[in-house]
Amino acid sequence: MSILVTGGAGYIGSHTCIELLNAGYEIVVVDNFFNSKPEALKRITEITKKSFSFYQADLLDKTALEKVFSENNIDAVIHFAGLKAVNESIKIPLHYYHNNVTGTLILCEIMKKYNIKKLIFSSSANVYGRPKYVPVTEDSSLGPINPYGRTKLIIEEILNDLYISDHNWSISLLRYFNPIGAHESGKIGEDPNDIPNNLMPYINQVAIGKREKVNIFGKDYNTHDGTGVRDYIHVVDLAKGHLKALEMVLGTTGIDVFNLGTGVGYSVLDLIKSYENITSQKIPYGFTQRRAGDIDKCYADTTKANEKLGWKAAKNLEDMCYDSWKWQKNNPNGYRE
Ligand code: NAD
Ligand code: UDP
C-alpha cells in the first residue's frame, strides 16, 4: 500500500510519515521545502530505519506532480502541503489562495486522471472563525476570519463538490486544533523559519535563550485566568489520527469531517506553567495588547473522531511540553547545522 504525502517534510507531515512507515505503509513524499528542510527527511529514515521515495516538487508544477503519479502506484494521498501563517495570509492573500487552493485543484485533477480517489486533507479549526460556543462540534457554524482560514474552507467546499460529482471518491477532512510537541526521539519537531508566530515554538526559543520573554497577547479575555484558551494536541497523537482516517478512506467511499483535538482547553498561562514544571526551565513573560483577530477560547468536541475513527488523543499537556523542549534542547538551531 503506497501513500503519497504532500508536505511530508513539514512539521505535521514528518511526524505522520514516521507513523505510516512504522505501520508498514510505503510512502512517497512531495515537498518544495518552502517551509521545511531536507534534513527532516533524513531524520525520518534515522528514526524508522526505513527508506522512501521523495520528489522535490511544487504542487503548482503540474508536470512535476504528474511525474510522481506516473512513476508510482499510489493508493491514497494525505495532503498537508500548504501555507499556514495567519498574519502572512492577511498581507499576501493572493499568494495564499494560489498556493493552497490552486495547489489542491492541481493535485485533485491529477488524482482524478490516475483514478486515485482516496484523500485526506489538512483542514483547520480556523474554519470556525469565532465559535459561538465551545466545545466546537463539526456542525458548528463556519466563518473563517482570515485568508488562511478561508483557503481551508474553500478547499473543503471544493472537495465536497468533487464527491457530489463522483461518489467513488473517499475523502476525510481533518480539522486540526493546536498541534504542539515533537517526536519522543527528540530528532524531529517544529522548526519555524523566522520569529515564531505560534505560542509553543516561541516558548521554546525563550527556553533556549534565543528570546528574552514570551509576550502574552492580552490578559482580559473571558477565560479562567484572562489569557487565551486553545485545544493543544500532541503532534504524534495528531499523526496517529491520520492513520485512523486512512483506514477509513481506504475501506469506504464518502466524505466526512472530523475535529482532531483533545477536547480540553488550556490557557497561555497554563501552558507556560506546565512547561516550567516539566522542564525546570524558567519562562519569563510579560503582557502586551491582544493580537488582532484572536479569540478568547476555542476547543474541540472530539466525540465524532472518537466514535467514528476510533481515535482519541492519549498524551497530556506535560507530554507536549516535555517533548517540545526535548526537540528544542537537542536541536537549538532546528534542522540548521
Ligand atoms: P509546515 O509548513 O511545517 O508543512 C507544510 C509543508 O508543505 C512544508 O514542508 C512546505 O514546504 C510544503 N509546501 C507548502 N506549499 C507547497 C507547495 N505548493 N508544493 C509543495 N510543498 C509545499 O506546516 P504544518 O504545521 O506541518 O501543517 C501541515 C498542514 O496542516 C498545512 O496544510 C496547515 O495549513 C495545516 N494545519 C496546520 C496547523 C498548525 O498549527 N501547524 C493547524 C491546522 C492546520
Ligand atoms: N500567544 C501569545 N503570545 C505569542 C503567541 C501566541 O500570547 O507569542 C497566544 C495567542 O494569543 C493565543 C494562544 O497563544 O491565545 C495560541 O496562539 P497560537 O498562535 O499558537 O495559535 P492560534 O491563535 O492560531 O490558535
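Residues numbered from 1 in each chain as written. Chains lettered and ligands numbered in written order. Predicted model: local features only at pLDDT ≥ 70, side-chain atom pairs only at ≥ 80, totals over all residues. Heavy atoms only, no water.

Visitor: Lay out the site of ligand 2 with the relevant residues and their values.
Guide: The local shell around ligand 2 holds 13 residues, among which N215, F217, R230, R291 and D294 are the closest. Contact distances for ligand 2 include 2.8 Å between a nitrogen atom and a backbone N or O atom of N215. A distance of 2.5 Å separates an oxygen atom of ligand 2 from a polar side-chain atom of D294. Taking 510 Å² as the accessible area of ligand 2 by itself, protein coverage stands at 89%. Considering every element that reaches the shell around ligand 2, the biggest residue donor is strand β8 (residues 214-217), with three residues. The residue inventory of the shell around ligand 2, partitioned by class, reads five nonpolar, five polar and three charged. (Near = heavy atom within 4 Å. Polar contact = N/O pair within 3.5 Å; in protein donor to acceptor, adjacent residues only side chain to side chain. Areas by Shrake-Rupley, 256 points an atom, 1.4 Å probe, with all protein chains shown as cover. Helix = DSSP H or I, 4+ residues; strand = E, 2+ residues; numbered from the N terminus. Nonpolar A, V, L, I, M, F, W, Y, C, P; charged D, E, K, R; others polar.)

Visitor: For helix α7 (residues 199-207), give the residues involved together with the corresponding values.
Guide: An α-helix turns once every 3.6 residues. As a result, residues three or four positions apart point the same way. With nine of its nine residues buried, α7 lies for the most part within the structure. All of the buried residues in α7 are L199, M200, P201, Y202, I203, N204, Q205, V206 and A207. Just downstream of α7, G209 is the residue with a positive phi angle, here 90 degrees. (Buried < 20%, exposed > 50% of the residue type's maximum accessible area, 1.4 Å probe, protein only.)

Visitor: Give a description of the packing of aromatic side chains that names residues and reports values.
Guide: Per the stated rule, a full pass over the model turns up six aromatic pairs. With centroids separated by 5.9 Å and ring planes inclined at 40 degrees, the aromatic side chains of F69 and Y114 adopt a geometry described as tilted. Placement of the pair is F69 in helix α3 (residues 62-71) and Y114 in the loop between α5 (93-113) and β5 (118-124), with a sequence separation of 45 residues. Judged by centre distance (6.4 Å) and plane angle (35 degrees), the rings of Y128 and F177 are tilted. On the criterion of sequence distance, the pair formed by Y128 in the loop between β5 and α6 (147-165) and F177 in the loop between β6 (170-176) and β7 (178-180) is long-range, its members being 49 residues apart. When sorted by exposure, Y128 lands in the same class as F177, which is buried. We note R211 situated over the ring of Y202; from NZ or CZ to the ring centre the distance is 5.9 Å. Between the NZ or CZ atom of K304 and the centre of the ring of F258, over which it lies, the distance is 5.1 Å. (Phe/Tyr/Trp six-rings, centres within 6.5 Å; stacked < 30°, edge-to-face > 60°. Lys NZ or Arg CZ within 6 Å of the ring centre and 35° of its normal.)

Visitor: Pulling in residues and values, what's your account of the environment of L246?
Guide: Tracing the backbone through its elements, the reader meets L246 in helix α8 (residues 235-251). Spatially, the C-alpha atom of L246 lies 7.2 Å from that of I120, the residues being 126 residues apart in sequence. In this structure L246 touches I3, L20, Y25, A76 and I120, once residues within four positions along its chain are discounted. (Contact = heavy atoms within 4.5 Å.)

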